[in-house]
Amino acid sequence: MTTATVTEHVVRRGAPDRVKVAHAHAVPALRLALGFLVAAVVAIPVRQSTAEWLPLHLFLAGTVVLAISGASLLLTITWAAAPAPAPAPVRVQRWCVAVGAAAIAFGRASSAPDAVVAAGGTVFLAGLVVLGVLLVTTVRRGVERRYDVPVAWYVVALGAGVAAGGVGVAMATSPHALGVRDAHVTLNLLGLVGLVIGGTFPFFIATVGRTKMARRATAGRHGRLLAWQTLALATAVVGLLGSWAAVTAIGFAAYAVGVVALATLAPVPRGRSLRWAGPRLVAMYAGLAWWAAAVVAFALSTGEHLRGGWLLALVVAGYGQILWGSLAYLVPMLRGGGHRALSAGFATTRSWVGLVAVNAAGALFVAGVRGTTAGALAAAAVVADTLVRSLLASRSPVHV
């Protein structure tokens, strides 16, 4: 490699506009995510043959996966100090997820041919694959190698999502056993979503709290935890597919242990961090606790895996609360506008009411059938509060 080539390579890797471009990539994905969040709330009264499936699908496949698409690439670029990828493949990736998720929802909730669901699932899977390629190629061009381990979590998570999508497409076009349905849900919830959170949490919780990462959060520990969670997930899925209750329970229990271990890689919240970050930091830790509790409940259940009150609690008070706390940080940060605008944005998204409501929703869901409607109303209140505050906090121009 010549001196000129080396110089060009270093300049390209350290491109001064990479953060600005990364923000420009993330903002449209988060806007689409908020759009699906509204659609999920609107779909709550829709029962028909979809029952609770439609709002859950719109939230998880739409809101959560689009948020993952924008945030994972943003964090990979900024934390690994890597050049941002070109806009075209990023645009293709997020629209594959959005169009695919919408097509699946339309196909399942209407009398459309099964081919619509299959086509939507295929497009959605393509979006996951493209995201994986973008993350791997981006981190390989990065300067900071420590972030290789979180991207490994993301790649395994996307692999679980592709496996879940393949099972889902097969379910849409042919009869399926209950264990297959539960395996599909497990791969999506604990694999695609859970492993992405697991890869991000030790890093992002320190960012949200404006504190140093925990000394325990070494790359070695984080990598070994990925291996543990992957094995636990695989065990649970094998148990579900084989209708082996003991194997399933062992897999879920091991996964719950991994979630607790993940908490030990996070910094201990201090008074200064709590005073500055407030509800968004509390939400991150509380969401982790709901996540662990829900998986323990799955392990202890007698055949009623991944359904009912604990499923809704995991989605809303677990993952939803972690997403809520993350958006409360990301929305002001992405809008830019200088330090004053940033401080004003953080103040706007600081909502103790939303924090209480999202945890109340989880408790109501766990309480049983009588609490489901009240829990749904509490969840809808959180969404309304989030949308209003996000719109107010994003009024200033974004760095693009």
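Summarised in this report is the structure supplied together with it. (Residues numbered from 1 in each chain as written. Predicted model: local features only at pLDDT ≥ 70, side-chain atom pairs only at ≥ 80, totals over all residues. Heavy atoms only, no water.)

Let's shift gears to the overall build of the chain. Within the chain one finds 15 helices and 0 strands. Within the chain, the proportion of its 400 residues that are buried is 52%. Within the chain, residue pairs in contact and separated by at least 24 positions form 79% of the contacts whose partners lie at least 6 positions apart. Accessible area of the chain: about 17000 Å², with a carbon and sulfur share of 69%. (Helix = DSSP H or I, 4+ residues; strand = E, 2+ residues; numbered from the N terminus. Buried < 20%, exposed > 50% of the residue type's maximum accessible area, 1.4 Å probe, protein only. Contact = heavy atoms within 4.5 Å. Areas by Shrake-Rupley, 256 points an atom, 1.4 Å probe, with all protein chains shown as cover.)

Time to look at the packing of aromatic side chains. Applying the stated criterion across every chain, the model contains 10 aromatic pairs. Plain terms: the ring middles of Phe252 and Phe298 are 5.9 Å apart, the flat faces sit at 55 degrees to each other, and that makes the pair tilted. Of this pair, Phe252 sits in helix α9 (residues 245-264) while Phe298 sits in helix α11 (residues 279-300), placing them 46 residues apart in sequence. Per residue, the accessibility class of Phe252 equals that of Phe298, and both read buried. Relative to Trp310, the ring of Trp290 has its centre 6.2 Å away and its plane inclined at 55 degrees; by these criteria the two rings are tilted. With Trp290 in helix α11 and Trp310 in helix α12 (residues 309-335), this residue pair connects regions lying 20 residues apart in the sequence. (Phe/Tyr/Trp six-rings, centres within 6.5 Å; stacked < 30°, edge-to-face > 60°.)

Moving on, we come to the nonpolar core. Nonpolar side chains in soluble globular proteins generally cluster together in the buried interior. Residues Leu189, Leu190, Phe252, Trp291 and Tyr319 are the most contacted members of the largest nonpolar core, which totals 120 residues. No other element matches helix α3 (residues 53-79), which puts 16 residues into this core. (Core = buried A, V, L, I, M, F, W, Y, C linked by side-chain atoms within 4.5 Å.)

It is worth spelling out empty space enclosed by the protein at this point. Scanning the model with the defined rule gives 5 cavities of 30 Å³ or more in all. By volume, the largest cavity is sized at about 320 Å³. Forming the walls of the largest cavity are 21 residues, and the residues nearest its centre are Ile68, Ala71, Ile197, Leu323 and Ser326. Secondary-structure elements contributing two or more residues to the lining of the largest cavity are α3, α7 (178-208) and α12. Around the second largest cavity, the lining residues are Trp324, Leu327, Ala328, Thr349, Ser351, Asp385, Thr386, Arg389 and Ser390. Secondary-structure elements contributing two or more residues to the lining of the second largest cavity are α12 and α15 (369-393). Looking at the lining of the second largest cavity, its residues break down into 3 nonpolar, 4 polar and 2 charged. (1 Å grid on protein atoms, 1.4 Å probe; cavity = no way out; pocket = protein on both sides within 12 Å on 5 of 7 lines; lining within 4 Å. Points joined across faces, edges and corners; volume = space filled by probe spheres on them. Nonpolar A, V, L, I, M, F, W, Y, C, P; charged D, E, K, R; others polar.)

Scanning the model with the defined rule gives 3 salt bridges in all. Here Asp182 and Arg181 are joined by a salt bridge, their closest N and O atoms 2.6 Å apart. According to the relative accessible area criterion, Asp182 is buried, its value standing at 3%. The salt bridge involving Arg389 is made with Asp385; its shortest N-O contact spans 2.9 Å. (Salt bridge = Lys/Arg side-chain N within 4 Å of Asp/Glu carboxyl O.)

Here we take up the packing of helix α2 (residues 18-42) against helix α4 (residues 87-109). One can describe the packing of α2 onto α4 by two numbers: an axis separation of 10 Å at closest approach and a directional angle of 10 degrees. The orientation of α2 relative to α4 falls into the category roughly parallel. Seen from α2, the contacting residues are His25, Pro28, Ala29, Leu32 and Phe36; seen from α4, they are Pro87, Val90, Arg94, Trp95, Ala98, Ala101 and Ala102. A class-by-class count of the residues in the contact of α2 with α4 yields 10 nonpolar, 1 polar and 1 charged. (Axes fitted to C-alpha atoms, helices over the stretch in contact; angles between N-to-C directions. Parallel < 35°, antiparallel > 145°, perpendicular 65-115°, else oblique.)

Below, the discussion takes up unusual backbone geometry. In the Ramachandran plot, Ala81 falls in the positive-phi region, its phi being about 55 degrees despite a non-glycine side chain. Of note, Ala81 is situated in the loop between α3 and α4. By relative accessible area, which is 16% here, Ala81 ends up buried. Positive phi is not limited to glycine here, since Arg210 has a value of about 50 degrees. Following the sequence through the fold, Arg210 ends up in the loop between α7 and α8 (219-242).

Time to look at the environment of Gly223. The residue Gly223 is located in helix α8 in this model. Considered as a pair, Gly223 and Gly199 are 24 residues apart in the sequence and their alpha carbons are 9.1 Å apart.

For the pair α11 and α12, interaxial distance at closest approach is 8 Å and the crossing angle is 160 degrees. The pairing of α11 with α12 is recorded here as roughly antiparallel in orientation. Here α11 runs over α12; the crossing is left-handed. (Left-handed = near helix turned anticlockwise from the far one by under 90°.)

Here we come to the side chain of Arg94. Inspection of the secondary structure puts Arg94 in helix α4. Setting aside residues up to four positions removed in sequence, Arg94 forms contacts with His25, Pro28, Ala29, Leu32 and Leu66.

Moving on, we get to the environment of Ala105. For Ala105, the location among the structural elements is in helix α4. Among the residues examined, Ala105 registers a relative accessible area of 6% and is labelled buried. Along the primary structure Ala105 and Val116 are separated by 11 residues, whereas in three dimensions their C-alpha atoms are 9.7 Å apart. Not counting the four nearest positions on each side in its chain, Ala105 is found in contact with Trp53, Leu54, His57 and Leu58.

The next thing to look at is α3. Because an α-helix completes one turn every 3.6 residues, residues spaced three or four positions apart along the sequence face the same direction. With 24 of 27 residues buried, α3 lies mostly within the body of the structure. Positive backbone phi, approximately 55 degrees, marks Ala81, located one or two places after α3.

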